[in-house]
Every structure is written in C-alpha cells, then in structure tokens.
Amino acid sequence: MAPHGHDLVTGCFGVVPLHVAQHPHNCISNNGLPITHNSVRLIGRYADLSALSHPNICKYLDVIRGKGELVAVVQEYHDISLQQLISKRPPSNLPATSTKQIVFDITSGLHYLHSRGIVNRSVTLQNVLIERNTGTAKLSNFGFFYLTMGGKAVDFFVGDMALSAPEVLVSKISSTKCDIWSLAVVLLCLMNKGHLVNESSTFAGIIKILFGGQLSVREKCSQLSVQLQDQFVEFLEKSLVIKPSKRATAEQLLKLDIFSECKPGNHQDELYPFALSKAHLVTANDILDESELEEPLSRACTLVELYELWRMAGGDVLAELEKFGLVRGSIPICDLPLVVLPSGEIYKEHRDNILGQSQTLYPISPSLIVKRLAHVEPEVYFPLTLTKCKLAEGMQDMAQLPTVIKERNIEYQLHRIKLFTALLHGYPASIDLIRNEAMLDVPPLLRRYVWSALLEVKGDIDDYYNKIDKTQSLGAIDRQIDVDIPRCHQYNHFLSSPTGHEKLRRILKAWVIDHPDLTYWQGLDSLAAPFLVLHSGNEALAYASLKTFVRKYVNNFFLNDNSHVMTEYLWVFCQLVMFHDPELALHLQDMGFIPELYAIPWFLTMFTHVFPLQKIFYLWDTMLLGNSSFPMFLGAAVLIQVRETLLSYEFNECILLFSDMPDVDIDRVIKDAMRMYQITPMTLTYRKHSYHQQENELLPPKPPEGGAKYSYTFSKTFLSEHVASFPDTAELKEDSCGRIFIQDLAKLLRYQESVEKRGGTASSTIVVVDIRSQDVFDVGHLPDSLNVPISQDLVTPDGQPTSPQVHTLLRHRRKRDSLTVVVGPNEGATRKFCKMLMGLHFLHVARVHGGTSALSQAGMLCATS
Amino acid sequence: MSGRPRQNGPAQAKALQFKLVLLGESAVGKSSLVLRFVKGQFHEYQETTIGAAFLTQTVTVDGVTVKFEIWDTAGQERYHSLAPMYYRGAQAAIIVYDITNRDTFERAKSWVKELDRQARKDIVIALAGNKFDLSNKRMVEVEEGSAYAQEHNLIFMETSAKTGDNVSNVFVEIAKMLPKVEPKPNNNGQTVRIDDNQEAQNGGGPGCCSKN
Ligand SMILES: Nc1nc2c(ncn2[C@@H]2O[C@H](COP(=O)(O)OP(=O)(O)O)[C@@H](O)[C@H]2O)c(=O)[nH]1
Ligand SMILES: [Mg+2]
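Some words on the coordination of the magnesium ion (ligand 2)
Residues and elements named next belong to chain B.
Argument step 1. Donor atoms from the polypeptide that coordinate the magnesium ion (ligand 2) comprise Ser-31 (OG) and Thr-49 (OG1), at 2.1 Å from the metal. Linking Ser-31 in helix α1 (residues 30–39) with Thr-49 in the loop between α1 and β2 (52–61), this pair joins segments that are 18 residues apart in sequence.
Argument step 2. Looking at Ser-31, the relative accessible area reads 12%, which means it is buried.
Argument step 3. For Thr-49, a relative accessible area of 11% translates into the label buried.

Topic: the sheet that holds strand β4 (residues 80–81) of chain A
In a beta sheet, neighbouring strands are held together by backbone hydrogen bonds and run either parallel or antiparallel to one another.
Residue and element names in this part refer to chain A.
Argument step 1. Ordered in space as β4-β5-β6, the three strands form an open sheet in which the pairing is antiparallel. Bordering the open sheet on either side are β4 and β6 (137–139), each of which pairs with just one other strand.
Argument step 2. In this structure, strand β5 (residues 128–130) lies alongside β6, joined through three bridges in antiparallel fashion. Of the residues in β6, the one forming a bridge with Ile-130 is Ala-137.
Argument step 3. The sheet contacts of helix α3 (residues 99–115) involve β5 and β6, and relative to β6 the element is tilted by about 30 degrees.

Here we look at the packing of aromatic side chains
Residue and element names in this part refer to chain A.
Argument step 1. Within the structure shown, the criterion is met by 45 aromatic pairs over all chains.
Argument step 2. Geometrically, the ring pair formed by Tyr-686 and Phe-741 is edge-to-face, given 4.8 Å between the ring centres and 70 degrees between the ring planes. Of this pair, Tyr-686 sits in the loop between α34 (666–679) and α35 (695–698) while Phe-741 sits in the loop between β10 (738–740) and α38 (742–757), placing them 55 residues apart in sequence. This pair shows no difference in class: Tyr-686 is buried, exactly as Phe-741 is.
Argument step 3. What links up through ring pairs into an aromatic cluster is the set Phe-557, Tyr-569, Phe-573, Phe-593, Tyr-598, Trp-602, Phe-603, Phe-607, Phe-611, Phe-651 and Phe-658.
Argument step 4. Above the ring of Tyr-146, the side-chain terminus of Arg-45 is found at 4.4 Å from the ring centroid.
Argument step 5. Above the face of the Phe-157 ring, Arg-121 is positioned so that its terminal group lies 4.5 Å from the ring centre.

Observations regarding the interface of chain A and chain B
Argument step 1. The partner chain B presents 40 residues to the 39 residues of chain A that form the contact.
Argument step 2. Taking both sides of the interface into account, the surface hidden between chain A and chain B amounts to around 3,500 Å²; carbon and sulfur atoms contribute 56%.
Argument step 3. The three residues of chain A that bury the most area against chain B are A:Arg487, A:Gln522 and A:Asn652, which together make up 18% of that side's buried surface.
Argument step 4. On the surface where chain A and chain B come into contact, there are one salt bridge.
Argument step 5. The residue B:Lys39 makes a salt bridge to A:Asp660 at a minimum N-O spacing of 3.5 Å.
Argument step 6. Summed over the shared surface of chain A and chain B, the number is 10 residue pairs in polar contact (both at pLDDT 80 or more).
Argument step 7. Of all the secondary-structure elements, those providing two or more residues to the side of chain A that touches chain B are α22 (476–484), α28 (582–591), α29 (600–604) and α33 (651–659) of chain A.
Argument step 8. Classifying every residue of the side of chain A that touches chain B by side-chain character gives 17 nonpolar, 14 polar and eight charged.

Side note on the site of ligand 1
Argument step 1. Residues in close proximity to ligand 1 total 21 residues, the closest being A:Arg487, B:Ala27, B:Ser32, B:Glu44 and B:Asp133.
Argument step 2. Here an oxygen atom of ligand 1 sits 2.5 Å away from a polar atom, N or O, in the side chain of A:Arg487.
Argument step 3. Take B:Glu44: an N or O atom from its main chain is 2.7 Å from an oxygen atom of ligand 1.
Argument step 4. For ligand 1, the protein covers 95% of the area, taking 580 Å² as the surface of the free molecule.
Argument step 5. With three residues, the single largest contributor to the shell around ligand 1 is α1(B).
Argument step 6. Of the residues assigned to the shell around ligand 1, the class counts are six nonpolar, eight polar and seven charged.

Rules used throughout
Residues numbered from 1 in each chain as written. Chains lettered and ligands numbered in written order. Predicted model: local features only at pLDDT ≥ 70, side-chain atom pairs only at ≥ 80, totals over all residues. Heavy atoms only, no water. Donors = N, O, S within 2.8 Å, 3.2 Å for Na, K, Ca; no water. Helix = DSSP H or I, 4+ residues; strand = E, 2+ residues; numbered from the N terminus. Buried < 20%, exposed > 50% of the residue type's maximum accessible area, 1.4 Å probe, protein only. Pairing = 2+ DSSP bridges. Contact = heavy atoms within 4.5 Å. Axes fitted to C-alpha atoms, helices over the stretch in contact; angles between N-to-C directions. Phe/Tyr/Trp six-rings, centres within 6.5 Å; stacked < 30°, edge-to-face > 60°. Lys NZ or Arg CZ within 6 Å of the ring centre and 35° of its normal. Buried area = accessible area lost by both parts, 1.4 Å probe. Salt bridge = Lys/Arg side-chain N within 4 Å of Asp/Glu carboxyl O. Polar contact = N/O pair within 3.5 Å; in protein donor to acceptor, adjacent residues only side chain to side chain. Nonpolar A, V, L, I, M, F, W, Y, C, P; charged D, E, K, R; others polar. Near = heavy atom within 4 Å. Areas by Shrake-Rupley, 256 points an atom, 1.4 Å probe, with all protein chains shown as cover.

What follows is the structure in structure tokens.
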C-alpha cells in the first residue's frame, strides 16, 4: 500500500471541459432512430479509458455530460507541468530528476497506452505533469484523441500542431507512431529549456527544419539551436524519423542503453482481487509510521477514493466549471435558429467558440472533504480485518440508517471503503467476512467488486472470456439481440452509446455461445445491463459475473423450452405469498390474477426490466446475499407493499397497476423480503427445476446434542426418496398451501427446542397439527403436536372452538410469529384441512410432504405416554 | 386455477368491452402502436415487452363507446408458448409487421394462420404494416400487404406509430366490425386461463376458446 502524494492545497483532480460537435437537428440514422449525440458517444468510449492505470499516466476519474453537448472529463491533476518545470523559474522543492528519467517516464506511459491500442496525439510539454513528491512524469490528457473518435467529435485539432508528426499534418494519418514523433520534439524542447526557435521563429520555419528529410539529427538540432546532449542522439535518430514505418516503437525505445538505469514507476494496482494471485495482507504496524500520517487523508486514499468521497460530500464538477466561468447559461432567445429550411435543416449561430475547445485542465480543490475528514483516526485507513471487523463507535448507529443517508455521510463511507478494500484484497479467503459486511450495506464505489465476490467469481476470467469466439454468427439470435440492444436501459448514457451497444452485444453473444444448452430470451439483455454498467471498463469481469449470476438465480429460465421451469417457479411464488398473506393471495387467485400475467418480467430479468438501474443496485446488494429463492421474497414483498390497493382492485385495475411498475419503496421491499426470508422454512420454496439442488437445505440436521426431544437422524436413502417423491407442479396446484420436507420440520423443531433450553424464546412458535382421528393419533404422534381430526368441525354453530386443541390452533391464526404445520394421513384430507385454514386466512401454514406416513417412516412418532 | 368472470357487465357504464391482442415479430412496433393509441406518445427507445403488457382505451364509433382491453405480447418466437393465453377468447387481434423488413411480413402470415386455427371463429383481425414513415426503406409493397389481407378477409392498413398515421383508424375499423350488441354474460370477455395453455400448445381441439 504505497502512500500516494496528492497535494491537497492545489488540488488533486481536475476537469477538462469539452464542447463536442453538435449534430444538425432531427437527424435520423439508418435504423430510424435518432443519431446518437456525440457527448453520449464520448461517454461510451470513456469506459475503456477509465480502466487504464499506470504510474506514468494520469488516472481518469469521471465523465459528466453537461448541457449543450458539454462533456466534463475529470482526471488526476498535478500543478506542475513539464512546461513549468523547464521554465525560467521552476517551482522549488521538487526532487531532482533528470531529463533522461522524464523521457523514460513518458516513453513508459506511451508504451502502456499503445499496448492498449490508444493513440495519444497530445504529447506536449503542458500535457506531461510532474508529481511533486516523487518527481515522476505522467501523461495527462492522453485520452482525447481516443475519446473523440480520432478527433471527429470535436471541431478543433486534438494535439499541438507544432509537435505533430509529418503524416498527421500532411495526410491526417494518426497511429501510435505519431506519438513517438511528438515525444522526440518534446525532448528537443526539454534540451532547449523551452520552445524551439530558429532565426525566423515561425511555425513554418521550424516545421521545415524538423521535416527536413536530408538533415541529420545533429544538423536539425543546430539549426534549431538546440543543445543536443550526446546521450540522446541514438534516441532521436530512432524517433525523429519522417517515415512512420521506420520510426521506433515505444517498446523499442525503452530498450535503448540510455535507459538502462532508469527505474519504472511505483505502481499501486487498482483493486482487482479476482486476478490477484496472492492476497495483500498488511498490518497496521507495517504502515503506521508517524511521519506518514501527517496528512492521512491524502496519503492513505487513492485518487479514485478521494474523488468518490468528494462527490458524496456534494462535490459537483459542473458547478466547479461554473466557478471558472466555463459554463455559461445561454439566454434561451439566443438558442433560436437563424434559418430553418423547408427540409427541416436548422442553422444556428455558433455559440462561444473558445470555451471547451482546448484541453485545458482546471484544478478542483477537494477542500470540501479535507476539513470533514481531518479528525478521522488514522486506524480507519488501515483497518485490521484479520481479527474482527468492527465498526468504530459512532458508526454503528450510522449503519442502521437508511441507505440514502449513509451514502451521503463521507466519514461512514470512508470507513466502509477502507474496510471493504482490505477485505477484497483477501478474497476469496475473506468471502465470509465480505458477506457479513455486505449485510449492512455495500459502498457504491466498490459495488462491482463486492458483487463479483458475492457471486464467487474466480479463475482466469480474462482468458476464459477471450477464448470465446464472439464473432460467430448466431442467425436469428443475432437479429434478436440487434433489435433488443437499442431498447435496453437507454436512459443510461453508457448503455445508449455505440460502445455500450458493442460491449453488450459481445457479452450476450459470448453467453449464448458459452451455454450451448441454453439460449437467448428477450430479457437477458436487461439482466446483463447492471454488470456491464458497473464493469464498463472490464468486459471479462462483467461477463464472469453475469454468468455466475444467471447460473445461480435464473439458470433454467433460459432453456429453449422453459415452460415447466417457469410454471413451477411461479407456482412456488404463489405459495410463498399464500404463506405470508393468505388474504391477498386468495383475492388474487379468485380474480385469476395469476403471476403468469405480470411476474414473468420480474423473475426472468430479476427485476431489471421493471426497475431502473439505481434501484436494481440496492435490490441486488441484498439479493446476492440470499439463495436462489430470495428473488421470490422480493416479489412477494412488492405485492405486499401494495396489498391494500390490490385488495380493493378488480382484475383489470390490478393488471394495469403492474403494467407500469408502481413506485414502490425499495428499502422497504428489501426489509420485508429479509423478514419473510428469515421466518420461512427453507424447503417451502423448494423447486425441482432450480439449478442448485439447495443441498444444504436438504441435508439432515446435525446429530443431537444428547437427549433432545426432537433429535432425529434420517438415512440418506430415506431422504432421497422423500425428495424424489415430491410431486410435479400440475399436482401441486391442487394444494392450497406450500409443502415442506420432513427434515426441515425436524430442523425447525430442534432449533426451537434448543432456544427454549437456553431459556430464550424462538423467533417463531411451531404448531404441528395432526389431523388424523384421535385413536390413530394416540397410537403414535409427534411429541407436542395438536390433534385436530379432520372429521370434526372446528367451531360450534355459535362460534366456540370444539376442543381445547382447536382453541390453541385458532389462537395462532393471525400470529406473525407462528408457523402452523399440518400433517395428515392422505392427500385428500390434508388438502381439505389446509384449504379450510387458508379460508380462515391463517398466516404461515405449510404441510409436510408425505404427511404422517413420512413421519412414521422417519421414526418421528411416539405413543401417548 | 381458473378465475371467475369479472363483473364488467351492465352495472358499469354502457361501454362495450372487447379483448384485443397484438401479435407480430419483435421490434415491429406493437408496443409503440398501443402507446400511441392509448397515450398519444412515442418513444424512440421503447423497451422490449417481456411476457405481455396490458392497457385499455376506449373509442367511440357511431355513438357507441367501445372499450378495448389490449394485450400487447412479446414478439420473440420463444415467447410463443405464452401467446395462446392472450389470444384465446380475444374478440380482435392486430397482427403487425414492419414494412421495412420482409421477414416480419412472413411472420405475420404465420400468425394469421395460427389464429385461423386456434382463436375464436368470429375474431376480427387487422393486419398493420407499421413504420410507414420509413416507406423509403420499404421491403414490402402496399399491394402485397393489402392483397394478402383481402384474401384472408382482414382489415388492412399501413400505420406509423411514430407519426401517428392511421393508428387510431385501425382500432376504429376494428370497433366497427365488432358486434354492437351486449356480449352475452358468458366467459368471452374473460381474460386468461393459464391452465388451458398446454392443450392449445399441443394443437388442442377446435373451439377451445370458450370453456366452462
Ligand atoms: N420509424 C418508426 N419506428 C418505429 C415505429 N414504431 C415503432 N418504432 C420503433 O421500433 C422499435 C421497436 O418498437 P416496439 O414498439 O418496441 O416494437 P415491439 O417489439 O413490436 O413491441 C422502437 O425503437 C420504436 O421506436 C414507427 O412507426 N416508425
Ligand atoms: Mg413490445
């Protein structure tokens, strides 16, 4: 964890405002859709830049779309440029650095960019910044040529003509080689302590000398009165070459003897636990060095973290630009067109042409957060995760507050970011700790990694993804993907950009090719969207996350014929609603308002088709902690949240209500779902067609702790027969409440017993109702079960319970903390009894699969003593 | 679970209710047509329809108010198995294709055939060649569409959800063709019964439209 040296006084990130070229109004592209705004294209292309990280380049931090095709690009900032360094009065206190090291740094930065296919085109003295405490040179503004699609999206020349390679000026060809030329000219300037000059000092004059094909490097230097240092002759002979093909590459230059002693920069890797071979385990003692902690914030936060905190504290990039007078609100009348042709073409006066037409970097001061975090204890920056994660005092209360509040509290976020960073570095070993912490909340900055960890993404994901041949033709599926992508979450700038479209297409195709037994259903696009937005700069990780997600939650939905899977899923969902809100469930059932009519988009897309991404982030933060049935609980929570409305509605109104998802409170949905999840027997949501056989849930309970009343052991064969005899959905539809497996009942009883033994009260009381006649009951029954024979009426005509057992049973009718489990001798009787209970709107009713005969086979029945 | 019929009957206003279903290949503009008809809007980036969507709208023809209960279905072939759930019992259908895409016209024809076999015998069907505004890119001539429609006794119109051309006309023409007597209080107006789904898929017998 190398400390970073951001200077807090002068700023550590800056913003470049860019005005991109506007399209004429009402332009329509080939497919009939409006032409994508250049600003949106830029935002799409930014994704690849955001993923770049190297000691000799300035990190890109954000891109923001302003009004009128203004794009604000936020990036790492240092207040000294190479230009200033070589000026007459260089800033003091800089570590001594040699021209050689600077050239090496720049070349290293270029090599990194070129290896990723990025042409800089803006290598100039201003665009090389010097880090104050290390003296390292870093390329800044290197991404504009790439961002603007080779300069096409802006009306100005990207770069500096004086430093441009011959092929750029003559034939407008820009390859990585043009950067090498600019680098050579920068070196000439460096040796000259300033700009290049000749007698006439005109641009043309200088260019003429530089481009002079016959002149040697030495001759060029002398004509430009550059004091050529001998050590650079070879470098220049290889780089200041007219023909691009003969010019050296950055890689070749780095191998020159002159650089043999140069040190590559110290690189702090961006957090990327999924490819880390070994965990970075750091203890506070290794790091806590008094002197380093004078400015703990700047030293212990990465730039990315710092920017995130600044934004959370209310930092607003566009407002900062306004402070510089850079975003001028124009008076609406000035926006009126001058001429409108009958064809619809509109001519407007060009607005202020100077603003945003260069690549000037304006510093932003993070003072906003520095003050607020001044008192944060140093330990926060280096949390000890090996022993126990504990929130500092004062933060514990915070943790209980709603997410929106937590996300605005930067002290809290700093804690969380630091803690999760440490945990993620320990992934996969730290998975349990990550899970625990994620129950509280997930810091937005790290959500993408936390999600991938929760999904247990592992292995060489890059290699895996790269090996899938995504160019393969898929026929009809290709056409389907092509029509779906331009309609998928298009309010999101990234997803609506051409880059976003391409990436989504590749990921979807990769998934289809990678899963020969499954296929593309409309909706998979929406499902992929959250991952792609989070990992916009890392397709492989987006893909790996999607893959594991689909397998866990929606695997068989994507079978060619998924009807049996869907039918089963939706039926179990119905039973879940019945379990928690029988009144609502019966109302919906009576109307014929079946989930097939409204819930398919919910579950097939795990809500991504019905909620905007921002809500999905919160929803999935929790969902990823649950098992494959958890989404059903979310669905049930949505229904229950609007239950009063649904109860008062008729069929049409209900259908209309869900045609556009009503505005539900997501925080509450999550809370309700969690509550239901905790009190629902695991096997109530058992599905034959779920991918995971939910093995943990079907395991027999642990061996007894000696002498317990409810300690049973089941043989493996018994259990597998028990599960295998589970009926098909068609038969289940005759049931009026859900079924649980016998081992689930045993587990619940044992749990209750152990809690009671410890003198506590279990969160729910289990009432087992045996509906056989009393004489059979007396021969053998589950200890403490109630005998309410099916043959007997529950209440007398005047409403009195017919027996003390019935009385007890009825007491549990509306109890939120009761679980009523029915065991019966046969299907008919059990169904009849359950139906009666449901008719009375009994909460939390389940029947045991196999009924009393299963109990008997399992040896759970005892005679009345 | 079959649902019981809803009370859409005489107690309410005297609007006649008809169930109408939209069918056709995906991205031909089914949802856009409905959105234009019901809300007067058009979204360039109209989201895909998963499963189906439901909307209602009324039109008045010859002094009679007709209320359409519109089921807008998913277009992808894979969602086909859900379709019978929506068209069964429907009194009207709009089969949509995109005039700039030939394949969608072929798909429309197969929908016509399927409805002939599986839907109510008295169902009123309209064929809509959508995206009329893109007629400079057309791949299906008007004559072809209208000839096919005539041959199969369908209402035919080229529409544009984008400009709104002919959109409400389609619905009005359908409304004109629908019986103006109060539908008998049987289950015709009833929406959906999932449980006959299976039979229909397996090419179940004729007359599966009104059960009970
Ligand atoms: N130019 C044009 N585009 C249309 C028209 N109707 C729909 N679209 C576009 O076609 C795409 C698919 O439309 P949609 O209604 O979702 O089709 P559906 O899949 O059949 O429901 C969307 O991008 C619409 O904006 C039309 O009449 N003209
Ligand atoms: Mg649609």
